[in-house]
Amino acid sequence: MSNAIAIDAIPGVASNDVTPAAGYRRIEEYLLAILFALLAILPLSEIVLRRVAGVGISGSGALVQHLTLVVSMLGATLAARDGRLLSLATATLLGGRARAAAAMFSGIVAASVTAFLAIGSLQFALSERGGATLAYGVPLWIVQLILPIGFSAVALRLVWRATEQWSGRIVALLLTITICALLVRLPFSAEHLSMPALVVLLIAAVFGAPIFVILGGVALILFWRAGLPIAAVAVGHYGLVVNAAIPAIPLFTLAGFLLAEGGASNRLVAVFSALFGKVRGGPAIVTALACAFFTSFTGGSGVTILALGGLLLPVLRSAGYSERNSLGLITGAGSLGLLFPPCLPLILYAIVAQVPMERMFLGGILPGIVLLIITAIWGIRRDPGRKTMENASTIPAGRALWEAKWELLLPIAVLVVLFSGLATPVEAAAFTVLYAFVVEVLIHRDYKSIGAIAKVFAEAGLLIGGILLILGVALGLTSFLVDMEVPAHAVAWATASIHSRFVFLLLLNLFLLIVGAVMDIFPAIVVVAPLIAPLGVAFGIDPTHLGIIFLANLELGFLMPPIGLNLLISSYRFGVPIGQVYRATLPMIFVLLAGVLLITYVPPLTTLLPRLFAP
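Residues numbered from 1 in each chain as written. Predicted model: local features only at pLDDT ≥ 70, side-chain atom pairs only at ≥ 80, totals over all residues. Heavy atoms only, no water.

1. Notes on the overall build of the chain
Looking only at helices and strands, the chain has 28 helices and zero strands in total. For the chain, the C-alpha radius of gyration of 24 Å lies close to 25 Å, the compact-globule estimate for 615 residues. Along the first, second and third principal axes, the C-alpha atoms of the chain reach 75 × 65 × 65 Å. In the chain, which comprises 615 residues, the share counted as buried stands at 56%. Relative to all contacts within the chain whose residues are 6 or more apart in sequence, the contacts with residues 24 or more apart total 82%. Accessible surface for the chain amounts to roughly 24800 Å². Of this, 69% is attributable to carbon and sulfur atoms. Here the chain contributes 33 positive and 25 negative side-chain charges, whose respective centroids are spaced 7 Å apart. (Helix = DSSP H or I, 4+ residues; strand = E, 2+ residues; numbered from the N terminus. Rg over C-alpha atoms; globule rule 2.2 N^0.38 Å. Buried < 20%, exposed > 50% of the residue type's maximum accessible area, 1.4 Å probe, protein only. Contact = heavy atoms within 4.5 Å. Areas by Shrake-Rupley, 256 points an atom, 1.4 Å probe, with all protein chains shown as cover. Lys, Arg positive; Asp, Glu negative; His and termini not counted. Charge placed at Lys NZ, Arg CZ, Asp CG, Glu CD.)

Written out as structure tokens, the structure is:
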């Protein structure tokens, strides 16, 4: 996933651009920033009011959940505007007219699928008329209209980006309208058209159509073929985005962005460098610790590589590490924090698989430490043996620790707030935003203007919009699989064919590695977790242990060809061919695979802390 967070220059808009289009873009971004800030303020107000007045804001939970829906759809439209919706991006391998034709084709298909998602969303919203109210008498269906409005805006922007020529955009729009009209009125049966439609969707995916289009398109085709209303996809999308625990995802993401775009990265690297930079393998330890810390809060290893890669690569190279080993270590370490709380995949898996979030947080700590240690050991063994390194921090360790004390205390503060009963997971996430804001803006003053702060909020909203767009339509696909009783059939087959828990776990590892190689971690959780959870129950595997096995394999999937996220991000960040990144990362794949197997076959690594401390 391209999680680029270069906020100093918004794509396509110069900082001194005063055209009406640029002004409209800034209005969108400031609106998103304001709504995102409100999303954090409401849960914080709940904490204060409960302590002071003994009562919270009426309807606050529903307001926060639906504000998440609004933020996600507005963020998705901005991501579509800037061409930053997650895709395979294989069309970049083409050139000239072939690339332009591929962009036009994938853009028209993407816009057509998104238009049908808008139609299904409108059907869903209208069906809710006369039903429940959100809060203070506001009809719920009015708020739900944000779905068709948002999907329509995304569809129009996909048409706009299909080509740079006005004539081409008009043609793309007319073709999109024609395709939608024909599919609504064609006399042919869905059974005859579903397979050609899937083929067209696959070609569009190869040519660069966004991932949400592929997942949503498959879901639409399957529901259509089965004679079920396509509004079911919108129902699934809405149900996931307004889930009571989902607001924790955008809030923790925002906290991570505030840290990553402030001076926290420099202060933390200085601390780790001061503590370990002068010992053998110190640069590898610095890399592993810094990456793990940032990934645990940003939720995406792509953000970590982009934010820290420019700092860590010179540190490794100055210590004598080869370019290949340096590149492999940074790429592999980029996802180390995925098992540490409060990382987003832990939260999402807890929601989807219905495992208590506190148990997932505790269960990931020791396995995360295992992966961190074996990565550091590999880096130590690759140390060229220099006594010192040129870029090691010259700041005394005590001073470095003091300057970074607030960032270092953040994980402890979050866990204390969460496990003390002072706050729900969503409120703890809002507290994390407040903590990061106070540290980066008020204490260290890393942000010099309100505009800079607003850009961080908007960038976080843009990223979350793209993620929740994928997750929502992915749940529509999952709903179809559940309706077709795929999990039940999988359990029946597995229990009849596999009689050893050891063999089942080995096959599960192989399956999840394949999933990680072809699917991003967020849609993989939504689509695959509901399928394997019943299998875990059938084989007597602790649900928390199964969840950590799942996430550890998907963490390794970030390094698996052909579309492992870290491989693509490293190639982009360091300007090296993707094949070179493959070769550099291969040793790290085997190292982390050993750690995944250890996590899989030694359950106490996962279950010990939840057994001791989980409520």
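Still more to cover.
2. Observations concerning the packing of aromatic side chains
In the structure shown here, the tally under the stated rule is 10 aromatic pairs. For the ring pair Tyr349 and Phe550, a centre distance of 5.4 Å and an interplane angle of 45 degrees mean the geometry is tilted. Of this pair, Tyr349 sits in helix α15 (residues 344–353) while Phe550 is found in helix α25 (residues 543–557), placing the two residues 201 residues apart along the sequence. Owing to a relative accessible area of 0%, Phe550 belongs among the buried residues under this scheme. Above the plane of the ring of Trp166 lies Arg169, whose end atom (NZ or CZ) is 5.8 Å from the centre. (Phe/Tyr/Trp six-rings, centres within 6.5 Å; stacked < 30°, edge-to-face > 60°. Lys NZ or Arg CZ within 6 Å of the ring centre and 35° of its normal.)

3. Section: the packing of helix α23 (residues 501–518) against α25
Axis angle and axis distance: for two packed helices, these are the angle between their axes and the distance between the axes, and together they describe the pair. Viewed as axis vectors pointing N to C, α23 and α25 meet at an angle of 45 degrees, and their least axial separation amounts to 8 Å. Considering the angle they form, α23 stands oblique to α25. Both α23 and α25 take part in a crossing whose hand is right-handed. Side by side, α23 and α25 meet where Leu505, Leu508, Asn509, Leu512, Leu513, Val515, Gly516 and Ala517 of the first sit next to Leu546, Ile549, Phe550, Asn553, Leu554, Leu556 and Gly557 of the second. Partitioned by chemical class, the residues of the contact of α23 with α25 number 11 nonpolar, four polar and no charged. (Axes fitted to C-alpha atoms, helices over the stretch in contact; angles between N-to-C directions. Parallel < 35°, antiparallel > 145°, perpendicular 65-115°, else oblique. Left-handed = near helix turned anticlockwise from the far one by under 90°. Nonpolar A, V, L, I, M, F, W, Y, C, P; charged D, E, K, R; others polar.)

4. Points about the nonpolar core
Residues Phe212, Tyr349 and Phe550 are the most contacted members of the largest nonpolar core, which totals 206 residues. Of all the elements, helix α21 (residues 450–483) adds the most residues to this core, at 18 residues. For Tyr349, the contacting residues outside a window of four places in its chain are Gln354, Val355, Met360, Ile525, Ala529, Leu546, Gly547, Phe550 and Leu551. (Core = buried A, V, L, I, M, F, W, Y, C linked by side-chain atoms within 4.5 Å.)

5. Observations concerning helix α9 (residues 231–241)
Among the 11 residues in α9, eight count as buried, and that is most of the element. Within the span of α9, buried status applies to Ala231, Val233, Ala234, Gly236, His237, Tyr238, Leu240 and Val241.

6. Examining the confidence of the model for the chain
For any part of a model where pLDDT is low, the fine detail of the predicted coordinates should not be relied upon. Mean pLDDT over the chain: 83, with 91% of residues reaching 70 or higher. Mean pLDDT across the secondary structure elements of the chain bottoms out at helix α26 (residues 565–574), with 75, and peaks at helix α5 (residues 146–161), with 94. Below pLDDT 50 for its whole length, residues 1–15 participates in 45 contacts with residues either more than four positions away or in separate chains. (pLDDT = per-residue confidence, 0-100.)

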